Amino acid sequence: MTELDAKVADQEQRHRLERMSALAGQSEGQMLAMQAADLAGKEHGGAFAEALGKLADGEQARRERERADAAAAASAEALRDLAKASIEAGAKVASAKAAAPAAVVCPGCGATLSPGTRFCGGCGTATV
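Keep in mind it's a predicted model, so treat the numbers as computed, not measured.

Thresholds, definitions, all that
Residues numbered from 1 in each chain as written. Predicted model: local features only at pLDDT ≥ 70, side-chain atom pairs only at ≥ 80, totals over all residues. Heavy atoms only, no water. Salt bridge = Lys/Arg side-chain N within 4 Å of Asp/Glu carboxyl O. Helix = DSSP H or I, 4+ residues; strand = E, 2+ residues; numbered from the N terminus. Buried < 20%, exposed > 50% of the residue type's maximum accessible area, 1.4 Å probe, protein only. Patch = residues over 30% accessible without salt bridge, like charges linked within 9 Å, V, L, I, M, F, W, Y side chains within 5 Å. Areas by Shrake-Rupley, 256 points an atom, 1.4 Å probe, with all protein chains shown as cover. Disulfide = S-S within 2.5 Å.

Peer 1: What should I look at first to understand the pattern of salt bridges in this one?
Peer 2: Under the criterion given, the structure shown has two salt bridges. When the shortest N-O distance is used, the salt bridge between arginine 14 and aspartate 10 registers 2.5 Å. Of the two residues, arginine 14 and aspartate 10 both sit in helix 1 (residues 2-23), four residues apart, roughly one turn of that helix. By relative accessible area, which is 45% here, arginine 14 ends up partly exposed. Relative accessible area serves as the criterion here: at 39%, aspartate 10 is assigned to the partly exposed category. Notably, a salt bridge pairs arginine 80 with glutamate 77, separated by 2.8 Å at the nearest N-O pair. With arginine 80 and glutamate 77 both in helix 3 (residues 45-99) and three residues apart, this pair spans about one turn of that helix. Exposure remark for glutamate 77: the relative accessible area of 37% places this residue in the partly exposed category.

Written out as structure tokens, the structure reads:
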């Protein structure tokens, strides 16, 4: 009888080790599903397996919600950065336009000349 008990204990230990190695590298949801499948065959294990399955589904849904929330937050941050860059670029353009020299009027003939022109092309008068 002792030999039989030792043999059964050894088989159970090997089974546990095999199950542990099968769980390695699996996601939490996959681990729960494997455990639920294992429990489903045992007495009263079906109800526990069903509860584990619901827990795994809820956990997966929670993770998906968190992932979607993080993606939405990153998108909103990117939009804020883009809007800020656009506003800053508009301000730079406006300040550049304000700082640009005004058109020059020829003192001799009254013609409108480009900023920085030193002599009028029409009458030859110096504008400086």
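Having seen it, we continue.
Peer 1: Explain a nonpolar patch on the surface to me, please; I cannot follow it from the model alone.
Peer 2: Together, Met1, Leu4 and Val8 give the surface a local cluster of nonpolar side chains, amounting to about 330 Å² of exposed area. Inspection of the secondary structure assignment puts valine 8 in helix 1.

Peer 1: Help me out: how do you make sense of the environment of glycine 110 in this one?
Peer 2: Structurally, the position occupied by glycine 110 is in the loop between strand 1 (104-105) and strand 2 (112-113). C-alpha of glycine 110 to C-alpha of glycine 122: the two residues are twelve residues apart in sequence and 9.8 Å apart in space.

Peer 1: Explain the state of the cysteines here, please?
Peer 2: What is meant by a disulfide is a covalent connection between two cysteines, made through their sulfur atoms. Inspection of the entire model under this criterion finds zero disulfides. The thiol of cysteine 109 is not disulfide-bonded; the next cysteine sulfur, from cysteine 120, is found 3.6 Å away. The partly exposed category is assigned to cysteine 109, whose relative accessible area is 44%. Left unpaired, cysteine 120 is separated from the closest cysteine sulfur, that of cysteine 106, by 3.6 Å. When its relative accessible area of 5% is taken as the criterion, cysteine 120 is described as buried.

That's the geometry; what it means functionally is another story.
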